[in-house]
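# Chain and residue survey
Listed below, chain by chain, are the residues.
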Amino acid sequence: MTDTPPTSEAKKNAAWVRTAVDYGAPIAFAVAFFTTKNFQTATWVLVAASGLALVLGYVVERRVALLPLFSGVMALIFGTLGLVFHSDVFVKIKVTVVNAALAVFMIGGVIAGRAPLKALMGEAVHLPDAAWRILTLRYGGYFAFAAAANELVRLTQTTDMWVKFRIGLLPLALLFSLSQVPFMMKHIAKGDEAKTPEPPDAGF
């Protein structure tokens, strides 16, 4: 018995789920913070929303992509540490740790002669190895920028400004990801030209 190809409606539903998993928790955190002006309360919301997003993603798609899974688990860990120690440092530094780790993973992988982004995306997109290396380096550079920018804002700005910056990273990540589509279309394998590739998410 063959699997039935997913309908366009199913794909749209899956896209909404991925968006909720990737962006739901930080948005819920920001809303809670600006509503209550209480970082601890917002951290409770972040932890709960991160756990809910991971469960929702698994229930609907029967899987959670590795990058959102990594980010979601780190949000749970650092959020819990923030609640235990009553400190906002853990939630703030989580953005640095996640993005710096991804930057090292991406750039280090290319230096080692591998293409980590290709391994993470599996068969979703077919590109030549050279294109994968370039795309991986671009993502590594973006993650390094996000980590450095977060540290600058965290160390020099108020908590209000940091939360605004954190939310500002979400549309920036989306724009960066979308900006890679022309490059992917240019190098996409023959036979896949009719498909618009879905770029890897950079919203962490």
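First, a word on what this report is: a plain description of the structure on this page. Not measured: the values here are computed from a predicted model. (Residues numbered from 1 in each chain as written. Predicted model: local features only at pLDDT ≥ 70, side-chain atom pairs only at ≥ 80, totals over all residues. Heavy atoms only, no water.)

### Section: the side chain of E151
Relative to the helices and strands, E151 resides in helix 6 (residues 129-156). Side chain to side chain, E151 and T96 meet in a polar contact 2.7 Å long. If near-sequence neighbours (up to four positions away) are discounted, E151 is found in contact with I93 and T96. (Helix = DSSP H or I, 4+ residues; strand = E, 2+ residues; numbered from the N terminus. Polar contact = N/O pair within 3.5 Å; in protein donor to acceptor, adjacent residues only side chain to side chain. Contact = heavy atoms within 4.5 Å.)

### Digging into a nonpolar patch on the surface
On the surface, L66, L69, V73, I77, L81, V84 and F85 cluster together to form a nonpolar patch covering roughly 600 Å² of accessible area. Overall, L69 belongs to the partly exposed group, its relative accessible area being 32%. (Patch = residues over 30% accessible without salt bridge, like charges linked within 9 Å, V, L, I, M, F, W, Y side chains within 5 Å. Areas by Shrake-Rupley, 256 points an atom, 1.4 Å probe, with all protein chains shown as cover. Salt bridge = Lys/Arg side-chain N within 4 Å of Asp/Glu carboxyl O. Buried < 20%, exposed > 50% of the residue type's maximum accessible area, 1.4 Å probe, protein only.)

### Re the packing of helix 4 (residues 89-111) against helix 7 (residues 159-179)
The contact between helix 4 and helix 7 brings their axes to 12 Å, and the two run at 35°. Here the hand of the crossing between helix 4 and helix 7 comes out left-handed. Together, V91, K92, K94 and V95 of helix 4 and T159, W162, R166 and L169 of helix 7 make up the contact between the two elements. Of the residues assigned to the contact of helix 4 with helix 7, the class counts are four nonpolar, one polar and three charged. (Axes fitted to C-alpha atoms, helices over the stretch in contact; angles between N-to-C directions. Left-handed = near helix turned anticlockwise from the far one by under 90°. Nonpolar A, V, L, I, M, F, W, Y, C, P; charged D, E, K, R; others polar.)

### Some details on the nonpolar core
With 43 residues, the main nonpolar core has F29, L127, W132, L135, Y142, F143 and W162 as its most contacted residues. In terms of residue count, the dominant contributor to this core is helix 6 (nine residues). Apart from residues lying up to four places away in sequence, F143 is in contact with N99, L102, A103, M106, D201, A202 and F204. (Core = buried A, V, L, I, M, F, W, Y, C linked by side-chain atoms within 4.5 Å.)

### Digging into the packing of aromatic side chains
Applying the stated rule across the entire model yields ten aromatic pairs. With a centroid separation of 5.2 Å and an interplanar angle of 75°, the aromatic rings of F33 and F34 are classed as edge-to-face. Classification of F34 by relative accessible area gives partly exposed; the value is 31%. Arranged with centres 6.4 Å apart and planes meeting at 45°, the rings of F39 and W162 form a pair that is tilted. Highlighted residues: F39 in helix 2 (residues 39-61) and W162 in helix 7, separated in sequence by 123 residues. Like F39, the residue W162 is buried in the burial classification. Over the face of the ring belonging to F183 we find R138, whose NZ or CZ atom lies 4.4 Å from the ring centre. (Phe/Tyr/Trp six-rings, centres within 6.5 Å; stacked < 30°, edge-to-face > 60°. Lys NZ or Arg CZ within 6 Å of the ring centre and 35° of its normal.)

### Topic: the side chain of R166
Mapped onto the secondary structure, R166 falls in helix 7. The class of R166 is buried, set by a relative accessible area of 6%. If we ignore the near neighbours within four places in the chain, the residues touching R166 are P26, K94, V95 and F204.

### Structural notes on unusual backbone geometry
Residue K37 is not a glycine yet carries a positive backbone phi of 55°. Tracing the backbone through its elements, the reader meets K37 in the loop between helix 1 (8-36) and helix 2. Judged by relative accessible area, K37 falls into the exposed class, the value being 52%. At H86, a position not held by glycine, the phi torsion is positive, near 50°. With respect to the helices and strands, the residue H86 is situated in the loop between helix 3 (66-85) and helix 4. Judged by relative accessible area, H86 falls into the exposed class, the value being 64%.

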